Structures are given as C-alpha cells and as structure tokens.
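Architecture at a glance
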Amino acid sequence: MKHSGRNIKQRLYGLTLIGNRLSRIRHFRGHGVHSPFVYSLVRKVFMRKTLIDNSVAELYDRLSALDIPVRRAVELQNTMNFLGYTTYSIDKIEATAQFNILTPTLSVAQSVKAIENAAKCGTTVVVVTPYINKERDMMCRDAIAAHRSTSVDNRGYILFFNNHLPKQHYRL
C-alpha cells in the first residue's frame, strides 16, 4: 500500500466529507452541467484516462515526480493541452505562467496570495488536494466565494479560471 504522507488526523478529516461526495453523485459524467465550456472540459478531459498528446507531457512528468497521482497528473496535462496553454508553473506565488498549479507544500497564506495574483493577471490556477486538511478546505471555500469567474471542483483539485466566463462554480 502506498504511503499517502498524511497523518491520522488528516485521513479522518476525509470522513467528514462523505455528505459532500454523496451530493456529487448526480453530476456524474457531466450530467447537470449547463455550461458548454465546462461540459466539453468534462467530456474531453476529465473522462479520458490517457494523455491527449503524448509528445507534450512535460507537466505530467513534473507532477508525477511530485507524487501527484497518475490520474490527476494526466487530467492536468490534458487540461493544459485542451485549453491551449503553453506555459505552466508549480508552487509559484507570482502568476507568471498561463497555468499555475498550487500543491499542498505551499502554506495557506502563500496559496491565498497566489490565487489573488492569478486573478489580477487573468491566469488559471489549480489548487491540488483542496480537502487535505481543515485549513486548506476553508481556504478553498473562501476562494470559491470570492472568485469572479468560473471554478470547477473535481475532488482532487479545483480549477479557477480568470477569464471571460461568468461567475459559476461546478462541483463534479
């Protein structure tokens, strides 16, 4: 069995999210998603188990080296390819890339600052493992409430788009 790097308190915190998971059952496979953009994201990216373009897998390799699960790394690489982004950054507070990924190694304060910077610059932010502990969960809830564009919660990460899309939040 793979060691997850979480202590017993963090593992038990997941039990409090059972109601959260049960409420998402009706959104399985994109049903109930009324945005054409998010629907195509679900159908073309989240439902794929393999890389869309194997020649462009640099992000996938970096995320795998950081012990991000393979499924999530594939989804994030496919998301980057689907959106047509060419630059990415991992754990940078400055939003210098089009696709900014925040892992749990950043503190909550640093993550909040990175989300704010990305909103100012108009870039996309990904918060990986948003429910790993109570502080990160509360930080993500506050970020969703304050976010001005579309956000997509895919259980393993939350995508914050800072573009022309309307204020919506999808929990898949």
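Scroll up for the structure.
Note that the coordinates shown come from a computational prediction; the quantities given were computed from them, not determined experimentally.

**Comments concerning unusual backbone geometry**
Even without a glycine there, the phi angle at Asp-91 is positive, about 60 degrees. Mapped onto the secondary structure, Asp-91 falls in the loop between strand E1 (88-90) and strand E2 (99-102). Residue classification places Asp-91 among the partly exposed positions, given a relative accessible area of 22%. Its identity as a non-glycine residue notwithstanding, Thr-129 has a phi of 45 degrees, on the positive side.

**Some thoughts on the sheet that holds E1**
Ordered by their spatial adjacency, six strands build an open sheet running E1-E2-E3-E5-E4-E6, and the pairing between neighbours is mixed. Taken across any chain shown, the strands that pair with only one partner, and hence form the sheet edges, are E1 and strand E6 (168-171). Sheet twist, expressed as the mean angle between neighbouring strand axes with direction ignored, is 15 degrees. Taken together, the four bridges between strand E4 (residues 150-153) and E6 define a ladder with parallel strand orientation.

Scoring rules and cut-offs
Residues numbered from 1 in each chain as written. Predicted model: local features only at pLDDT ≥ 70, side-chain atom pairs only at ≥ 80, totals over all residues. Heavy atoms only, no water. Helix = DSSP H or I, 4+ residues; strand = E, 2+ residues; numbered from the N terminus. Buried < 20%, exposed > 50% of the residue type's maximum accessible area, 1.4 Å probe, protein only. Pairing = 2+ DSSP bridges. Axes fitted to C-alpha atoms, helices over the stretch in contact; angles between N-to-C directions.

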